[in-house]
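Structure at a glance
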Amino acid sequence: MIADLTRAERQWAMMILGALGIVGLAMAVAGRNDLLGIHGWIVLAAGLGGFIAFMRGKDAPEPSDDRLNEYYDAPTRLGIILTLLWGVVGMGAGLWVASLLAWPELTFDAAWASFGRLRPVHTSGVIFGFGGNALIATSFHVLQRTTRARLPDQISPWFVLLGYNLFCVIAASGYLMGLTQSKEYAEPEWYADIWLVVVWVVYFAIYMRTLARRKEPHIYVANWYYMAFILVVAILHIVNNLAVPVSFGSAKSYSLFSGVQDAMTQWWYGHNAVAFFLTAGFLGMMYYYLPKRAGRPIFSYRMSIISFWGITFMYMWAGSHHLHYTALPHWVQTLGMAFSVVLLVPSWASAGNALLTLNGAWHKVRDDAVLRFMALAAIFYGITTFEGSFMAIRAVNSLSHYTDWTIGHVHAGALGWVAMITFGSLYSIVPSMWKRPSLYSAKLVEVHFWLALSGTVVYVFAMWNSGVIQGLMWRTYTESGTLSYSFIDSLVAMHPYYIARAFGGLLFLLGALVALYNVVMTIRMPAPATEDAALDIPVQPALQAGE
Amino acid sequence: MFGLHYKIERSAIGLVTFIVLVASIGGLIEIAPLFTIDETVEQAPDMRVYTPLEVAGRNIYIREGCYACHSQMIRTLRDEVERYGPYSLAVESSYDHPQLWGSKRTGPDLARLGNKYSDAWHTVHLFNPRDVVPESKMPAYRWLLRDPLRTDDLGNHLSALRAVGVPYTDEQVANAALDAYGQANPETAAADGVAERYGSATNIRMFDGVSTRLTDMDALVAYLQVLGNLTDAAHQPNQPEAE
């Protein structure tokens, strides 16, 4: 990494790392009587460690100017590895919390190992660690290929990738220490939130600067989705995390909003974290890698326009379906329900567009597990969005809400859609990113595919069953008009499903480990002698008259 | 329409502008009015604020992630009202920054838990849930009895809460640490101050059964015992019937 930078760029990087170290030191001093101090030391270690690495490498020879004629893929390569590592961490934490629900004594009397602290490690680990790194890595790759331009500079992509991972580390380590805002999927405290805003502004700037240098007049569909992901997540993140810290020496803060306004803001955020983090960004992936792998153009350009603007407009109304029958005013619940149902149209337009793109390439889906991952992802996307619209109907929600059905729904999306499209996309670019002729083993991709599919099916069926049983038991009356079951009766009935769910999660985790192994072995394969990627370069500006 | 799009997708600034505009509408229409329409939150003149000990307990509830398995929002459904008590009103969480309505019931709803069980039951249950509920899946929170409660910064916590809209008085902020001690140590001078500043309805008890020192257990039990008891608004007869 350091050898890729010019001397001047190395100095810039050292200034940034030095500044980060100073911020870390300030946090460590201000928060010396608080858990904030521990995070200060982590930030200081990150800044100082990077600074020392640069000190040792600063006299390495400068890179040749030829690099500017190639795409800048080093950040994508590291991003792919980080994606897989966070995947194993996040899914491993998921298996652990799933096991805790079957065998609660696995906490071992250690506060950090209790369900409430590990659960956000699982959710943030997979959403932000696994999903976020996948989005950053693939967005850099797709952005360059679809604009036929190199990223605008050499430092900012590293700043975004590494800075984002620092955020993830602070988030996950904070949960284990008990630092959380309690807002689901927005748990990190105020200082981590501010840092993420800084990283995000640079990320957005990379996008705009690269687009400004593009050699293609049109901005490709995949980039619309990545841009919607970056922009809307920024809006959601800033509004939902508005808070007043107890002091600058304290990690704790109090949300600006309370009660019903806070609940609505939180689920406006929460549902659109699903929409713009876990859907829009991954649709960007799908719109590039699926047609590319299938060797077919996108079925319908107009359908992609309709679905893009439909999703961007309507998702933002749907959050209130998380608050049916609560103290949220009825009119907001009704609006949320109505938009959630109509949302099925753009969602299925996207899923259908992807599947129709595969027409004429179904034999490839049969033979190529990488493409099959992406095809299955599109199918699960269709299933999950249908289920989501269905569950947003008030009467259905009265049964499903607060139960495991919601968990099943989320995992149909997270495992079936998000993880499948990610694995398919990563498998399809790993060989070219490391200039290898192919993956280490196509058979292991096949093994991973079936582990992932069977794990998802076991998981989702277990949760559908437990959720519906739970919901029905809570509302069943005896003939004399009293409630039939105590709460604990419903909990006891869940036990076999909780074991089945942990087993499904185990299968999925094994699949992720197979993927990590396959990618590592691909990287370790000897590089071929011939260069076969002559076409995978940016378009050079034509010489202007007078130059 | 597609002709217009043909132009938009050739301009990065154009795309950015349209995405931000189109995505902002939903939130503006659904969220902004909740701050301005008066009927959104009911009137409850008897609404109390959390005491410093209850604030500390609430923070422990958040720290341990209790909200991941317990909701604090009884829906307007007949079976919920019969199981948990009157459905929750918006005003009841109006001092909750942030709200802890929750999204999942691995364990039961806690919105009306206050004074349903004894302090001793809670202490035993939190120490090891399976001692009192053999089938329970809840973790054992033994460290709550071990760890002393931090009180020195409670004044800052109350000021921060005041900054976001909870009506704490200067006197309450100034005496926060003392009041936390007093609430768990009845028959001391400090305890009288708590009743004076937070009202006679405040629970002043040795929550964890031990008077010598304040533990995280004292704070968490104090918080659990006030759930649903900040106001009587939900128990008034003029509420519409559950569905």
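Here's what I pulled together on the structure shown here. (Residues numbered from 1 in each chain as written. Chains lettered and ligands numbered in written order. Predicted model: local features only at pLDDT ≥ 70, side-chain atom pairs only at ≥ 80, totals over all residues. Heavy atoms only, no water.)

1. Describing the overall build of chain B
- Counting its regular elements, chain B contains 11 helices and 0 strands.
- Each helix (α) and strand (β) of chain B, taken in turn from the N terminus, gives the series α-α-α-α-α-α-α-α-α-α-α.
- Each principal axis of the C-alpha atoms in chain B carries an extent, and together these give about 80 × 45 × 40 Å.
- Put simply, chain B has 243 residues, and 61% of those count as buried.
- Within chain B, contacts between residues at least 6 apart in sequence are counted, and of these 69% link residues at least 24 apart.
- Carbon and sulfur atoms form 57% of the exposed surface of chain B, whose accessible area is close to 9900 Å². (Helix = DSSP H or I, 4+ residues; strand = E, 2+ residues; numbered from the N terminus. Buried < 20%, exposed > 50% of the residue type's maximum accessible area, 1.4 Å probe, protein only. Contact = heavy atoms within 4.5 Å. Areas by Shrake-Rupley, 256 points an atom, 1.4 Å probe, with all protein chains shown as cover.)

2. Re the pattern of salt bridges
- Within the structure shown, the criterion is met by 30 salt bridges over all chains.
- Between R78(B) and E82(B) there is a salt bridge, with the nearest N and O atoms lying 3.0 Å from each other. Taken as a pair, R78(B) and E82(B) lie in helix 4 (residues 78-84) at a separation of 4 residues, close to a single helical turn.
- Its salt-bridge partner being D179(B), residue R197(B) comes within 2.8 Å of it at the nearest N-O pair. Taken together, the positions of R197(B) in helix 10 (residues 189-198) and D179(B) in helix 9 (residues 176-183) put the pair 18 residues apart, joining distant regions of the chain.
- Classification of D179(B) as buried rests on a relative accessible area of 0%.
- Through salt bridges that share partners, D34(A), R150(B), D152(B) and D153(B) make up one connected network. (Salt bridge = Lys/Arg side-chain N within 4 Å of Asp/Glu carboxyl O.)

3. As for the packing of helix 8 (residues 259-294) of chain A against helix 15 (residues 404-433) of chain A
All names here are of chain A.
- Look at helix 8 against helix 15: their axes get within 10 Å of each other, and the N-to-C directions meet at 40°. Classified by the angle between their axes, helix 8 and helix 15 sit oblique to one another. In terms of crossing hand, the pair formed by helix 8 and helix 15 is left-handed. Between helix 8 and helix 15, the contacting residues are L278, T279, F282, L283, M285, M286, Y289 and R293 on the first element and W417, V418, I421, T422, S425, S428 and I429 on the second.
- Looking at side-chain class alone, the contact of helix 8 with helix 15 contains 10 nonpolar, 4 polar and 1 charged residues. (Axes fitted to C-alpha atoms, helices over the stretch in contact; angles between N-to-C directions. Parallel < 35°, antiparallel > 145°, perpendicular 65-115°, else oblique. Left-handed = near helix turned anticlockwise from the far one by under 90°. Nonpolar A, V, L, I, M, F, W, Y, C, P; charged D, E, K, R; others polar.)

4. What about the environment of N133(A)?
Residue and element names in this part refer to chain A.
- Structurally, N133 can be placed in helix 4 (residues 115-147).
- Judged by relative accessible area, N133 falls into the buried class, the value being 0%.
- For the pair N133 and I81, spaced 52 residues apart in the sequence, the C-alpha separation amounts to 9.0 Å.
- Residue contacts for N133: discarding those within four places in its chain leaves G79, L82, T83, W86, F128, L161, Y164 and N165.
- A polar atom in the side chain of N133 sits 2.8 Å from the side chain of N165. (Polar contact = N/O pair within 3.5 Å; in protein donor to acceptor, adjacent residues only side chain to side chain.)

5. Quick look at empty space enclosed by the protein
Residue and element names in this part refer to chain B.
- According to the stated counting rule, one finds 10 cavities of 30 Å³ or more in the structure shown.
- If you add up the space inside the second largest cavity, you get close to 190 Å³.
- Lining the second largest cavity are 17 residues, and of these Q72, E92, S93, A111 and G228 lie nearest its centre.
- By residue class, the composition of the lining of the second largest cavity is 8 nonpolar, 6 polar and 3 charged. (1 Å grid on protein atoms, 1.4 Å probe; cavity = no way out; pocket = protein on both sides within 12 Å on 5 of 7 lines; lining within 4 Å. Points joined across faces, edges and corners; volume = space filled by probe spheres on them.)

6. Details of the interface of chain B and chain A
- Listed by partner, the interface residues are 86 residues for chain B and 101 residues for chain A.
- Sorting the residues of chain B by area buried against chain A places E30(B), R75(B) and K137(B) first, and these three jointly supply 10% of that buried surface.
- Across the chain B-chain A interface, the total number found is 6 salt bridges.
- The salt bridge partner of D109(A) is R146(B), with a shortest N-O separation of 3.2 Å. (Buried area = accessible area lost by both parts, 1.4 Å probe.)

7. Here we look at the packing of aromatic side chains
All names here are of chain A.
- Enumeration over the complete set of coordinates arrives at 42 aromatic pairs over all chains.
- An angle of 35° between the planes, with centres 6.2 Å apart, marks the rings of Y164 and F167 as tilted. Here Y164 and its partner F167 are both found in helix 5 (residues 156-177), 3 residues apart, which amounts to about one turn of the helix.
- Accessibility expressed as a relative area gives 1% for Y164, which makes it buried. (Phe/Tyr/Trp six-rings, centres within 6.5 Å; stacked < 30°, edge-to-face > 60°.)

Without other data, these values stay purely geometric and don't point to any function.
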